[in-house]
Amino acid sequence: LAVGSGDTIGLVMLTRVFPDEASEIVAFTETCAGLGALVGPVIGGALYDLGGFATPPVTLAAMCVVATAVVVSVRLHEDTEP
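Rules used in this analysis
- Residues numbered from 1 in each chain as written.
- Predicted model: local features only at pLDDT ≥ 70, side-chain atom pairs only at ≥ 80, totals over all residues.
- Heavy atoms only, no water.
- Helix = DSSP H or I, 4+ residues; strand = E, 2+ residues; numbered from the N terminus.
- Rg over C-alpha atoms; globule rule 2.2 N^0.38 Å.
- Buried < 20%, exposed > 50% of the residue type's maximum accessible area, 1.4 Å probe, protein only.
- Areas by Shrake-Rupley, 256 points an atom, 1.4 Å probe, with all protein chains shown as cover.
- 1 Å grid on protein atoms, 1.4 Å probe; cavity = no way out; pocket = protein on both sides within 12 Å on 5 of 7 lines; lining within 4 Å.
- Points joined across faces, edges and corners; volume = space filled by probe spheres on them.
- Nonpolar A, V, L, I, M, F, W, Y, C, P; charged D, E, K, R; others polar.
- pLDDT = per-residue confidence, 0-100.
- Patch = residues over 30% accessible without salt bridge, like charges linked within 9 Å, V, L, I, M, F, W, Y side chains within 5 Å.
- Salt bridge = Lys/Arg side-chain N within 4 Å of Asp/Glu carboxyl O.
- Contact = heavy atoms within 4.5 Å.
- Axes fitted to C-alpha atoms, helices over the stretch in contact; angles between N-to-C directions.
- Parallel < 35°, antiparallel > 145°, perpendicular 65-115°, else oblique.

Undergrad: Help me out: how do you make sense of the overall build of the chain in this one?
TA: Check the secondary structure of the chain and you find three helices and zero strands. Shown N-terminal to C-terminal, the secondary structure of the chain runs as helices and strands in the order α-α-α. Against the compact-globule benchmark of 12 Å for 82 residues, the chain has a radius of gyration of 17 Å, which places it well outside the compact range. Across its three principal directions, the C-alpha atoms of the chain cover 45 × 35 × 20 Å. Here the chain, with 82 residues, has 2% of them falling under the buried criterion. For the chain, the computed accessible surface area is about 6,700 Å², with 74% contributed by carbon and sulfur atoms.

So this is what it looks like as structure tokens:
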């Protein structure tokens, strides 16, 4: 239930932010979701085989921390530009 709500809200927010590119945004979002559904189990299985039960979620958490740091640094850089 929560994932379905999050997907719906995310699409609505994206189409409101980019109303002129709504069809492209929805297509890109759905393409990424489909690719994630196809590739995610393969990568998760490989990580499980390499390091055990904790490796996939720990790897995902590390990727989220890195992505957050990149987004924050880009946003801070954008805010300081004249």
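Undergrad: Help me understand the layout of surface pockets in this model?
TA: Space left empty within the atom packing is revealed by a probe, the size of a water molecule, rolled over the atoms. Quantified by volume, the largest pocket comes out at close to 170 Å³. Taken together, G40, I43, G44, L47, P56, T59, L60 and M63 form the lining of the largest pocket. Broken down by secondary-structure element, the contributors of at least two residues to the lining of the largest pocket are α2 (22–51) and α3 (55–80). Among the residues making up the lining of the largest pocket, the classes are represented as five nonpolar, three polar and no charged.

Undergrad: Would you mind going over the confidence of the model for the chain with me for this structure?
TA: Predicted coordinates in areas of low pLDDT are best not read in detail. Scored by pLDDT, the chain comes out at a mean of 91, with 96% of its residues at no less than 70. When pLDDT is averaged over each element of the chain, α2 comes out on top at 94 and helix α1 (residues 2–17) at the bottom at 85.

Undergrad: Got a minute to help me understand a nonpolar patch on the surface in this structure?
TA: A cluster of nonpolar side chains, namely L35, L38, V39 and I43, defines an oily patch on the protein surface of about 390 Å² accessible area. Residue V39 is classed as partly exposed on the basis of its relative accessible area, which comes to 40%.

Undergrad: For this particular structure, what's the right way to read the environment of L14?
TA: Among the structural elements, L14 can be located in helix α1. On a C-alpha basis, the gap between L14 and T29 in space is 9.5 Å, while along the polypeptide they are 15 residues apart. In contact with L14, other than residues within four places in its own chain, are I25 and T29.

Undergrad: Before we go on, may I ask you to explain the packing of α2 against α3 in this structure?
TA: A pair of packed helices is captured by two measures, namely the crossing angle of their axes and the spacing between those axes. α3 packs onto α2 with a crossing angle of 115° between their chain directions and a minimal axis gap of 8 Å. Accordingly, the angle class assigned to the pair α2 and α3 is roughly perpendicular. Here G44, L47, Y48 and G51 of α2 come into contact with α3, specifically with T55, P56 and T59. Of the residues in the contact of α2 with α3, the class split is three nonpolar, four polar and no charged.

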